[in-house]
Amino acid sequence: MGDFIKHPFVDMPDRNPEQVIPNDQLVFTSEEKKQIQTWVSHYPTADGAVMRALWLAQEKFSFLPPEVIKLVAAEIGIPYANAYGVATFYTQYFKEKKGKHVLDVCTCFSCQLCGGYDMLHYIENKLGVHKGETTKDGLFTIQEAECLGACGSAPMLQITNGPFVHNLNKDKVDALLDALREGKVPAFTSVTLPQDEDEMGGNRRTDVSSVESYIVPPISETVS
Amino acid sequence: MDDKKTKAGDWRSYQRVLLPPVKDLHKLDVYEKHEGYKALREVLTTDKWNPTSVTNEVKKSGLKGRGGAGFPTGLKWSFMPPVDPNIPRFLCCNGDESEPGTFKDRQLMEYNPHLVFEGMLIASYAMSIKTGYLYIRGEFADWITLMEEELEKAYAKGYVGKNIMGSGYSCDIVIHKGAGAYICGEESSLMSSLEGQRAYPRVKPPFPAQKGIWGYPTTINNVETLACAPLIINKGGEWFSKIGAPSHPGPVLYGISGHVNRPGVFEYPTGMLITDLINEVAGGMRGGKKLKALIPGGSSTPILRADMIEGVTMDADSLREAGSMMGTSGMLIMDEDVDIVSWLRRITHFYHHESCGQCTPCREGTGWLENIVTRLDEGQGQLRDLDILLDLCTQMEGRTVCALADAAAWPVRYTIDRFRSEFEAKCSTETVPSGGVLETA
Amino acid sequence: MPNITVDNETLEFDGRPRLLQLCLETGVDLPHFCYHPAMSAPANCRQCLVEVGTPQINRETGKPNLDENGQPIIQFMPKLQTSCSMDASDGMVVRTHKSSELVKRAQKDNLEFLLINHPLDCPICDQAGHCPLQNQTYKHGPEGSRFEFRKVSKPKQIDLGPRVVLDGERCINCTRCIRFTDEISESHQLTIIERGVRNYPMTPPGVEFDEPYSMNVIDICPVGALTSKDSRFRARTWEMSKTASISTVNARGSNCYYWVKDNKIVEITPRTNMDVNEYWLADEDRLDYRIFNDNRPLGPTISGADVNWDAAYKAVADCLKGAKGDRVQFLGSAFATVEDNYLLSKLATAVGASTPMYLTHTEAGRGDTWLRTDDRTPNSQGCERLGFQPANRSALRSLIQSGGLDVLYVLEDDPVASGLCSAEDLAGVKVVLHYYNSTNQTLPAADVAIPAATAVETVGTLVNDQGHAQRLRPAKSIAGVNRTLSMEIGKCRADRHGTPFDKWYDESNLINCQPGWVSIPRIASDLNIEMNYKGPRNIMAELSSANDAFAGATYEAMGEFGVRLSEIGVTA
Ligand SMILES: Cc1cc2nc3c(=O)[nH]c(=O)nc-3n(C[C@H](O)[C@H](O)[C@H](O)COP(=O)(O)O)c2cc1C
Ligand code: SF4
Ligand code: SF4
Ligand code: FES
Ligand code: FES
């Protein structure tokens, strides 16, 4: 937090960047095209499908360099500038290359008061990089996230726009980083409703392997 | 206090209806066994119901929106213009859930997705809508996957899509995945985002019912709001209206976070005593600490000091009297150790980060607020800063395209108002004349 | 007629105008930045806030409730409303900054916000002097600043494209430029990028903002964030005078202002004419002004030798005197005014020659469906309406090459450069040439060369490709002429603020040339041909009554915005 406030510099995107994805790879498969067209059919005009198509592209190419945004725009038939404006508006679209695992650590107020910054700083120290940066080995990018909608299980983080990891503590972070280094991304975790615990003796879902409870949140050491 | 006397009645024996205790209720076959899609069937296939009577039943229930503004839902539905077969109409179910402190819709979607779909379909029928979009924030990727799987099953069973249950009524549901922007929860921003534009909110009037997505009549409701619709149909508006606070009735999902022993999402009637929620439902304060303050419904609802909550219940009237709002019923509980200035600093950062930047007072004001609160937090603030902050709030409130600027200003206004001495205590002891640029370290 | 009350004054209106538009049209000066009448109204700058009230309507009667004085009870909306996004409705009551402290405060507050991250570099900004932000800050803004933090720094001096430069810090995010490319030109080359206080307009990577109408965003940008690469830093706005006239780069005759400093054209900007170019001007119409300033002749010449005007006119008369009418060819000009071509045709008739022809100048592909045309001349319709035929180039060339001509009389054109014939071909022909620039390639073959006044130095009429007859007004003065040029301009011209201050008194850069309506009658008089006109105004008066193709095209009727002539061959 506070970085931009103290050093309010807005950089210019490279206006003529070198293409990163070679032309022969810069294509959608016919299956992907079909999927995109299905999304297009869900909206009165094709524009509606741009967010889904950008998601698909990001999953395919791991990030969204300009040529990919252009490809998406062409695929659904909207102006490139519009697609670019949309891609830069949303924080989950990666406009530049990130680490293999992006750790979005929530520090928004519930997490802040329950150790969100402790976790952020712990991970920063452990990986030797600051938020917004990627480790040299290209494995991890740390980001500070705004409220991710899991405040009851604070502090928490999200891994590469995917699974949430709840009720963080240092041990849990250690284990998580080790697992990720081995390429093991944690499974979806269902957080049991306290009332379910009382009335049903545990999580109501029988189809999830990973289950956690809401617990007493830790005491935060730092709040910024 | 005698529980029976609170608006929430005998809440300890409350039977959950949004999230009833049923194993695997999220699965279609289980849901079907527990009155699943019964309300929809009744609405579509019996003479008892037509669009107007559904809307009237919802009006009768007294249901108020759970997305933050607490607008009467039946009334909102009745704002849709008369049907013109040449003009499409849309429903948007708002699952953006990004207001800090709010995490209830995610759990509702995980544990009872079909209730959300069924609610969307009933609402669509009531407004003669043929397409409903379910907008879910992109961070909820795993829940989107779950919802999509279940939606597919509902389609396969003929609950969604063409000629639902042979009634002749058709309605599609499309799940739209967001990509990280709080502002998309604001209804007109959500519309821009759905249309594939930069998610800039739009000036009102025209209201969505007149000119919504792609310029067509549109109604936007929160996930939890729509999930109430099947219950109202099944058990009647009157039944619903008798749950909880009479002026703001119904079941509600309280998301409690912060310094309590047992945080989480709880379903109880509206009108619960805040003290009951903290001390009993959420297991009391962590480590036996004293309560310092709380926000009752998400980051933008005015903060309440511990001494302001005696007898206050979670419903619009009581909270208004106490000087706050119901918001999203996402409650953040803070103990005596919280540095309120640091906490406010994080909120101002949030709104600064999330302002869409479209309109002047919000784009510029949110940053200025963060600037000043940061300097106060770092002990370099000047007493005049507090007055400037309050002035800036006045300059932002009610003058922007959407209510984000208000939402950003309120925490500042009310936190200073209610904790002024803590701000003053943090000010610098040295007076720096105004005019220059004060560098914060 | 429906009406609204603004600060206790009643304004009548038709249809459903925007409140802001109605106010502006009726002289109520409401500050605003993002609103533009041609585009959607996002109401994002928040500067045009006003208090709005509407009559309280009785549910039963449907009529307004009245107070004890019999006046309708007005209910004011709880929040201030943006007048740009509000439709005016009958009975509406509006309070602006003139009668509402609330509105006054809101305008001031909003300006304070706009300025906290603004660089305030007015002393070096091209927009200074005609900047809405600057003007409104003077009028309504706060006196000082309470902002004690670092301003956000954003990219500056960015070439968005070949003609438009961006200063991101000056941008107030009104999105007018974006809406122009999305809704008007539909080039979709610009977007706002990023979010919140970080956002600013930009092209997506790899894209140049090079559409043929790109420079319009400079005019509509309410601050100095977008400037012209060509004219930036060249002149302060108060050092220039402006003249309302029309562009002559193509056949559309888009309405424009010529900006003059030291008797040179320095910039061309659009002038609104809803019948021709609306608010817009193509880039090509703005950039061709150097032909008015550079390579201009020094005076009349005979076979390349400098002479005085009397000698030159006499020499032209001498060329025509001896010649047989059927061995003289007059070439009218689609660059010249209707008046000059008309006089030329009179001269031709008087010496027994056939009706003048004219050379067409078209470039296939230059035109579009908007303001640019393949025709690179401003007045071919005027020539057609005078009965001039486009020259059959090969036939005319053969005639020249075979010695069939004694005299070729060229009005304001360049037959050699346009490929009609070579200079050598003209060796045996006496050539009279009225010309604009010393780069004219027919000049070496000319026996008598008469420097002609260009479109910015003359008075006259041009007919655009849609049959719209419009007036040219002199924007700069020429040597040897009473500078009021036939009373068509005042002693001095106003600058952007209406101040009678211009560089007109500067005697430098006065070109020694003459308009056709001066030179042709002089030649006629040397030939004892009667051609008495007080000036172009009278010529048009005569022509509009004598020739149906120009019916109605008097100077009075054409005024500032021109008149649409009936189609050729169709009488009104
Ligand atoms: C800045 C802002 C953010 C909002 N975020 C959300 C949100 O995340 N989820 C939501 O349901 N409503 C949100 N709202 C409220 C919506 O605009 C809208 O009122 C609501 O979805 C209507 O549903 P309801 O009537 O069922 O409450 C937000 C409003 C504002 C001004
Ligand atoms: S108030 Fe803020 S978020 Fe809302 S439209 Fe204006 S700038 Fe955007
Ligand atoms: S560059 Fe100018 S026109 Fe474009 S958004 Fe900024 S201020 Fe508006
Ligand atoms: S504050 Fe971290 S998830 Fe809500
Ligand atoms: S002109 Fe009305 S908000 Fe900008």
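The numbers attached to residues start from 1 for each chain and follow its sequence in the written order. Throughout, the order in which chains and ligands are written sets their labels, letters from A for the former and numbers from 1 for the latter. Given that this is a predicted model, residues contribute local features only at a pLDDT of at least 70 and side-chain atom pairs are listed and counted only at 80 or more, while totals for whole chains, interfaces and linings are drawn from all residues. Heavy atoms throughout the structure, all of them, feed into the side-chain values; hydrogens and water do not.

Peer 1: I'd love a proper account of the overall build of chain B, names of residues and values included.
Peer 2: By the criteria applied, helices consist of DSSP H or I runs no shorter than four residues and strands consist of E runs no shorter than two, each listed in order from the N terminus. The helix and strand inventory of chain B stands at 16 helices and 9 strands. For chain B, whose C-alpha radius of gyration is 23 Å, the value lies close to the compact-globule estimate of 22 Å for 441 residues. In terms of its C-alpha atoms, chain B occupies a principal-axis envelope of roughly 75 × 50 × 35 Å. Relative accessible area decides the class of each residue, using a 1.4 Å probe on protein chains only: under 20% of the type maximum gives buried, over 50% gives exposed, and in between gives partly exposed. Here chain B, with 441 residues, has 67% of them falling under the buried criterion. Considering only residue pairs separated by 6 or more positions, chain B has 69% of its internal contacts joining residues 24 or more positions apart. A total of about 13800 Å² of accessible surface is found on chain B, and carbon and sulfur atoms cover 51% of it. Radius of gyration: C-alpha atoms only; globule rule: 2.2 Å multiplied by the number of residues to the exponent 0.38. We call two residues in contact when some of their heavy atoms are within 4.5 Å. For every accessible area listed, the method is Shrake-Rupley and the probe measures 1.4 Å; residues are considered covered only by the protein chains on display.

Peer 1: Explain the packing of aromatic side chains to me, using residue names and the numbers behind them.
Peer 2: Centre distance and the angle of the planes are the two values used to describe a pair of aromatic rings. Note on ring pairs: Phe, Tyr and Trp rings are taken, using the six-membered ring of Trp, and paired if centres are within 6.5 Å. Classes follow the plane angle, with under 30 degrees stacked, over 60 edge-to-face and the rest tilted. Taken as a whole, this structure holds 36 aromatic pairs over all chains when the rule is applied. Geometrically, the ring pair formed by B:F90 and B:Y216 is tilted, given 6.1 Å between the ring centres and 40° between the ring planes. With B:F90 in strand β1 (residues 90–95) and B:Y216 in the loop between α8 (187–194) and β4 (218–222), the pair connects residues that are 126 residues apart, well separated along the chain. By relative accessible area, which is 28% here, B:Y216 ends up partly exposed. Each ring, one from C:W309 and one from C:Y313, has its centre 5.7 Å from the other, and the planes form 40°; the classification is tilted. Of this pair, C:W309 and C:Y313 both sit in helix α8 (residues 309–322), separated by 4 residues, roughly a single helical turn. Both residues of the pair, C:W309 and C:Y313, belong to the buried class.

Peer 1: So what about the domain arrangement of chain B? Which residues, and what values?
Peer 2: Residues and elements named next belong to chain B. Taken domain by domain, chain B comprises domain 1 (35–241), domain 2 (244–335) and domain 3 (340–426). Between domain 1 and domain 2, the residue contacts involve 18 residues of the former and 23 residues of the latter. Two parts placed together each lose some accessible area under a 1.4 Å probe, and adding up what both lose gives the buried area. Buried surface at the junction of domain 1 and domain 2, both sides included, amounts to about 1600 Å², of which 58% is carbon and sulfur. A per-residue breakdown of the area domain 1 buries against domain 2 is headed by R66, E99 and F103, which together make up 31% of the total. Salt bridge criterion: a side-chain nitrogen from Lys or Arg within 4 Å of a carboxyl oxygen from Asp or Glu. Seen at the junction of domain 1 and domain 2, the total is 0 salt bridges. Residues adjacent in sequence count toward polar contacts only when both atoms are side-chain atoms; beyond that, a polar contact is any pair of N or O atoms within 3.5 Å, and within protein one must be able to donate a hydrogen and the other to accept it. Our count for the contact surface shared by domain 1 and domain 2 stands at 8 residue pairs in polar contact (both at pLDDT 80 or more). Listing elements by their share of the side of domain 1 that touches domain 2, those giving two or more residues are α5 (104–111), α9 (223–235) and α10 (237–241). The greatest single-element share of the side of domain 1 that touches domain 2, amounting to 3 residues, is contributed by α5. Think of it as three bins: nonpolar holds Ala, Val, Leu, Ile, Met, Phe, Trp, Tyr, Cys and Pro, charged holds Asp, Glu, Lys and Arg, and polar takes everything else, Gly as well. Grouping the constituent residues of the side of domain 1 that touches domain 2 by class yields 5 nonpolar, 8 polar and 5 charged. Domain delimitation follows an automatic or database domain assignment.

Peer 1: Give me the lowdown on unusual backbone geometry, citing residues and values where you can.
Peer 2: Geometrically, the link from A:A154 to A:P155 is a cis peptide bond, its omega value of -10° lying close to zero. Along the chain, A:P155 falls in the loop between β2 (140–145) and β3 (157–159). Cis peptide bonds are those with omega within 30 degrees of zero, and the linkage from B:P205 to B:P206 qualifies with 0°. Along the chain, B:P206 falls in the loop between α8 and β4. Phi at B:Y37 is positive, roughly 60°, even though this residue is not glycine. Within the element layout of this structure, B:Y37 appears in the loop between α1 (28–33) and α2 (38–45).

Peer 1: How would you summarise helix α9 (residues 338–350) of chain C if you had to cite specific residues and measurements?
Peer 2: Residue and element names in this part refer to chain C. Working rule for helices: expected span equals 1.5 Å times residues minus one. With 13 residues, α9 extends 18 Å from end C-alpha to end C-alpha; this agrees with the ideal 18 Å at 1.5 Å per step. Counting buried residues along α9, 10 of its 13 residues qualify, which places the element largely inside the surrounding structure. Turning to α9, its buried residues are V338, E339, D340, N341, Y342, L343, L344, S345, L347 and A348.

Peer 1: So, the pairing of strand β5 (residues 189–192) of chain A: which residues are in play, and what are the values?
Peer 2: Residue and element names in this part refer to chain A. A two-sided burial pattern is seen for β5, the buried positions comprising T189 and V191 on one face and S190 and T192 on the other. Here β5 runs beside strand β6 (residues 210–213); their pairing, made up of 4 bridges, is parallel. Along β6, the bridge assignment pairs T192 with S213. Think of it this way: DSSP has to see at least two bridges between two strands before they count as a pair.

Peer 1: Lay out the interface of chain B and chain A in plain terms, naming residues and giving numbers.
Peer 2: On the side of chain A, 72 residues touch chain B, which itself brings 89 residues to the contact. A:E144 is paired through a salt bridge with B:R346; the nearest N and O atoms lie 3.8 Å apart. Linking chain B with chain A are 43 residue pairs in polar contact (both at pLDDT 80 or more), by the criterion used here. Tallying contributions element by element places helix α13 (residues 340–354) of chain B first for the side of chain B that touches chain A, with 10 residues.

Peer 1: Give a description of the sheet that holds strand β14 (residues 264–270) of chain C that names residues and reports values.
Peer 2: Residue and element names in this part refer to chain C. If you trace the 3 strands from one edge of the open sheet to the other, you get β12-β13-β14, paired in antiparallel fashion. The open sheet has two free edges, formed respectively by β12 (241–246) and β14, since each of these has just one partner strand. The average angle at which neighbouring strand axes cross in this sheet is 30°, direction not considered. Examined bridge by bridge, strand β13 (residues 255–261) and β14 share 6 bridges and lie antiparallel to one another. Bridging from a neighbouring strand, K261 pairs with K264 of β14. In this analysis, axes come from line fits to C-alpha atoms, helices being fitted only over the stretch in contact, and the angle between any two N-to-C directions falls in the range 0 to 180 degrees.

Peer 1: Provide a residue-level description of the site of ligand 1, including the pertinent values.
Peer 2: All names here are of chain B. Nearness is defined per residue: one heavy atom within 4 Å of the molecule or strand is enough. Taken together, 18 residues are adjacent to ligand 1, and G67, K76, N94, N222 and T225 come closest. One of the side-chain N or O atoms of N94 is found 2.9 Å from an oxygen atom in ligand 1. Surface burial for ligand 1 is 91%, taken as the share of its 610 Å² of free accessible area covered by protein chains. A per-element tally of the shell around ligand 1 places β4 first, with 3 residues. Looking at the shell around ligand 1, its residues break down into 4 nonpolar, 8 polar and 6 charged.

Peer 1: Which residues make up the pattern of salt bridges, and what values go with them?
Peer 2: In the structure shown here, the tally under the stated rule is 84 salt bridges over all chains. In this structure, the salt-bridge partner of B:K104 is B:D105, at a minimum N-O distance of 2.9 Å. By relative accessible area, which is 2% here, B:K104 ends up buried. A residue is classified by how much of its surface remains accessible, and B:D105, at 2% relative accessible area, is buried. C:K139 is the partner of C:D29 in a salt bridge, and the nearest nitrogen-oxygen pair spans 3.0 Å. Remark: C:K139 occurs in helix α3 (residues 132–140) and C:D29 occurs in the loop between α1 (19–25) and β3 (49–55); sequence separation between them is 110 residues. Among the residues examined, C:D29 registers a relative accessible area of 35% and is labelled partly exposed. Looking at C:K139, the relative accessible area reads 55%, which means it is exposed.

Peer 1: Mind laying out the confidence of the model for chain B, listing which residues take part and the relevant values?
Peer 2: Here chain B shows a mean pLDDT of 96. Residues at 70 or above account for 98%. Across the whole predicted complex the pTM is 0.95, and at the interface the ipTM reaches 0.97. pLDDT measures the predictor's confidence residue by residue and takes values from 0 up to 100.

Peer 1: I'd like a description of the sheet that holds strand β22 (residues 448–451) of chain C, backed by residues and values.
Peer 2: All names here are of chain C. Sheet architecture is open: 8 strands sit in the order β16-β15-β22-β21-β20-β17-β18-β19, paired in mixed fashion. On the outer flanks of this sheet lie β16 (305–306) and β19 (389–390), each paired with one strand and no other. Here helix α12 (residues 516–526) sits on the sheet and contacts β20 (407–410), β21 (430–435) and β22; the angle it forms with β21, its principal contact strand, is near 150°.

Peer 1: So what's going on with empty space enclosed by the protein? Which residues, and what values?
Peer 2: The definitions used throughout rest on a 1 Å grid laid over the protein atoms alone, on which a cavity is an enclosed set of points accommodating a 1.4 Å probe that cannot get out and a pocket is an open set flanked by protein within 12 Å on both sides along at least five of seven lines; lining residues are those having an atom within 4 Å of a point. Grid points are joined across faces, edges and corners, and a volume is the space filled by probe spheres set on the points. Scanning the model with the defined rule gives 7 cavities of 30 Å³ or more in all. Here the largest cavity defines a volume of roughly 110 Å³.

Peer 1: Lay out helix α7 (residues 141–156) of chain B in plain terms, naming residues and giving numbers.
Peer 2: All names here are of chain B. Look at α7: 23 Å from first C-alpha to last across 16 residues, which is about the 22 Å you get at 1.5 Å a residue. Restricting attention to buried positions, one finds in α7 the residues A141, W143, I144, L146, M147, E150, L151 and A154. Just downstream of α7, G158 is the residue with a positive phi angle, here 80°.

Peer 1: Before we move on, could you go through the packing of helix α2 (residues 101–116) of chain C against α3(C) and cite the residues and values that matter?
Peer 2: Residues and elements named next belong to chain C. The geometry of α2 relative to α3 is characterised by a closest axis approach of 10 Å and an angle of 135° between their N-to-C directions. Considering their axes alone, α2 and α3 lie oblique with respect to each other. Considering only the axes of α2 and α3, their crossing is left-handed. From α2, Q107, K108, L111, L114 and L115 reach across to α3, where they touch L133, Q136, T137 and H140. By the definition adopted for this analysis, an angle is roughly parallel if under 35 degrees, roughly antiparallel if over 145, roughly perpendicular if from 65 to 115, and oblique otherwise. By definition, any crossing whose near helix is turned counterclockwise from its far helix by less than a right angle is left-handed, and any crossing with a clockwise turn is right-handed.

Peer 1: Pulling in residues and values, what's your account of the side chain of C:S231?
Peer 2: Residue and element names in this part refer to chain C. Along the polypeptide, S231 turns up in the loop between β11 (226–228) and β12. Relative accessible area serves as the criterion here: at 9%, S231 is assigned to the buried category. Residues contacting S231, with those up to four places away along its chain left out, are D126, V266 and E267.

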